[in-house]
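Summary of the model geometry
Chain by chain, the residues run as shown.
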Amino acid sequence: MGKNVDVAIIMGSDSDLPIMKDAAKFLDDMGISYEITILSVHRCPEAAAEYAKSLKERKVKVIIAGAGGAAHLPGVFAAQVPCPVIGVPIMSKTLNGVDSLYSIVQMPSGIPVATVAINGAKNAGILAATILSTSNDDLYKKICDYKASMNESVLKKNEKLHDIGYEAYLKDMK
Ligand code: RP5
């Protein structure tokens, strides 16, 4: 930790990594610099506060923070670092992630966290890239290309459905 990166991906536990890797993968695909960190504001609060200070000093542009259960991590970073924070509510075992969602989305006025769907780490990566693309023409083009390829893929599927009918389509999906 010490380099200048555009995005910091933070998660409360290594048990969040199988979900949070989707944000990292999208940033990799877009060629965006990032660092990825496990830190808990509950279990290691001093280290988390030190890291927040370092993100502020290095002027990181976007934070993606994933946490589950009593998910305070995104809000605590949003309170300390003056950049957009995207919260990823992680699916919890006992309450299916509704606890994580409410913990992240219900921020007090003045400290926003842009909250994606439960386990929506890929969308967090896309949103971070989209924020960065507002001041980066190359990235803006990559986001436009990404959207165009999604558009094309849905239209192709629709064409195939019309061509072969739903029964054959479903067989092809197996
Ligand atoms: C949160 O507690 C983490 O973000 C994780 O989603 C949840 C459970 O953590 P572990 O007990 O699996 O380490 O802080």
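Residues numbered from 1 in each chain as written. Predicted model: local features only at pLDDT ≥ 70, side-chain atom pairs only at ≥ 80, totals over all residues. Heavy atoms only, no water.

Concerning the overall build of the protein chain
Along the backbone of the protein chain there are 6 helices and 5 strands. Counting only C-alpha atoms, the protein chain reaches 60 × 45 × 30 Å along its principal axes. Burial statistics for the protein chain: of 174 residues in total, 40% are counted as buried. If you take every contact in the protein chain between residues at least 6 apart in sequence, the share linking residues at least 24 apart comes to 66%. Of the charged side chains in the protein chain, 19 are positive and 19 negative, and the gap between their average positions amounts to 1 Å. (Helix = DSSP H or I, 4+ residues; strand = E, 2+ residues; numbered from the N terminus. Buried < 20%, exposed > 50% of the residue type's maximum accessible area, 1.4 Å probe, protein only. Contact = heavy atoms within 4.5 Å. Lys, Arg positive; Asp, Glu negative; His and termini not counted. Charge placed at Lys NZ, Arg CZ, Asp CG, Glu CD.)

Regarding the nonpolar core
Among the nonpolar cores identified, the biggest contains 25 residues, and Val7, Ile9, Met20, Met30, Ile32, Ile64 and Val88 are the most heavily contacted of them. Residue assignment for this core shows that the elements contributing at least two residues are strand E1 (7–11), helix H1 (17–30), strand E3 (62–68), strand E4 (85–90), helix H5 (121–133) and helix H6 (137–173). Residue assignment places this core across two domains, with domain 1 (7–135) and domain 2 (139–174) each supplying three or more. Apart from residues no more than four positions distant in its own chain, Met20 is found in contact with Ile9, Ile10, Met11, Ile64, Ala65, Gly66, Val88, Ile90 and Ala121. Ranked by size, the runner-up nonpolar core spans 22 residues in total, among them Ala48, Leu73, Cys83 and Ile104. (Core = buried A, V, L, I, M, F, W, Y, C linked by side-chain atoms within 4.5 Å. Domains from an automatic or database assignment.)

Looking at H5
Taking 1.5 Å per residue as the helical rise, H5 with its 13 residues ought to reach 18 Å, and the 18 Å between its terminal C-alpha atoms agrees with that figure. Ala121, Ala124, Gly125, Ile126, Ala128, Ala129, Leu132 and Ser133 are the residues of H5 that are buried. On its buried face, H5 is in contact with E1, H1, E3, E4 and H6. (Expected span 1.5 Å × (residues − 1).)

Points about the site of the ligand
Around the ligand, a shell composed of Gly12, Ser13, Ser15, Asp16, Arg43, Ala67 and Gly68 is seen. Take Ser13: an N or O atom from its side chain is 2.6 Å from an oxygen atom of the ligand. When grouped by side-chain class, the residues that make up the shell around the ligand number 1 nonpolar, 4 polar and 2 charged. (Near = heavy atom within 4 Å. Polar contact = N/O pair within 3.5 Å; in protein donor to acceptor, adjacent residues only side chain to side chain. Nonpolar A, V, L, I, M, F, W, Y, C, P; charged D, E, K, R; others polar.)

A word on unusual backbone geometry
The general pattern is negative phi for most residues beyond glycine and trans for most peptide bonds. For Lys59, which is not glycine, the phi dihedral falls at a positive 55°. If you trace the backbone, Lys59 turns up in the loop between helix H2 (45–57) and E3. One non-glycine residue, Asn96, adopts positive backbone phi at about 55°. Mapped onto the elements of the fold, Asn96 is located in the loop between E4 and helix H4 (98–105).

Quick word on the domain arrangement of the protein chain
One can read the domain layout of the protein chain as domain 1 (7–135) and domain 2 (139–174). In this structure, domain 1 and domain 2 have C-alpha centres spaced 31 Å apart. With 10 residues of domain 1 at the contact, the number on the domain 2 side is 5 residues. Buried surface at the junction of domain 1 and domain 2, both sides included, amounts to about 650 Å², of which 74% is carbon and sulfur. Where domain 1 packs against domain 2, one counts 0 salt bridges. (Buried area = accessible area lost by both parts, 1.4 Å probe. Salt bridge = Lys/Arg side-chain N within 4 Å of Asp/Glu carboxyl O.)

Here's the deal with the sheet that holds E3
The parallel open sheet is built from 5 strands, whose spatial order is E2-E1-E3-E4-E5. Only two strands of the sheet have a single partner each, and these edge strands are strand E2 (34–38) and strand E5 (114–115). Looking at chain direction, E1 and E3 are connected through 5 bridges and run parallel. Looking at E3, one finds that Ala8 is bridged to Ile63. The sheet strands contacting H1 are E1, E2, E3 and E4, and the helix crosses E1 at an angle near 170°. Most of the contacts of helix H3 (residues 73–80) go to E3, to which it runs at about 150°, and overall it touches E1, E3 and E4. (Pairing = 2+ DSSP bridges. Axes fitted to C-alpha atoms, helices over the stretch in contact; angles between N-to-C directions.)

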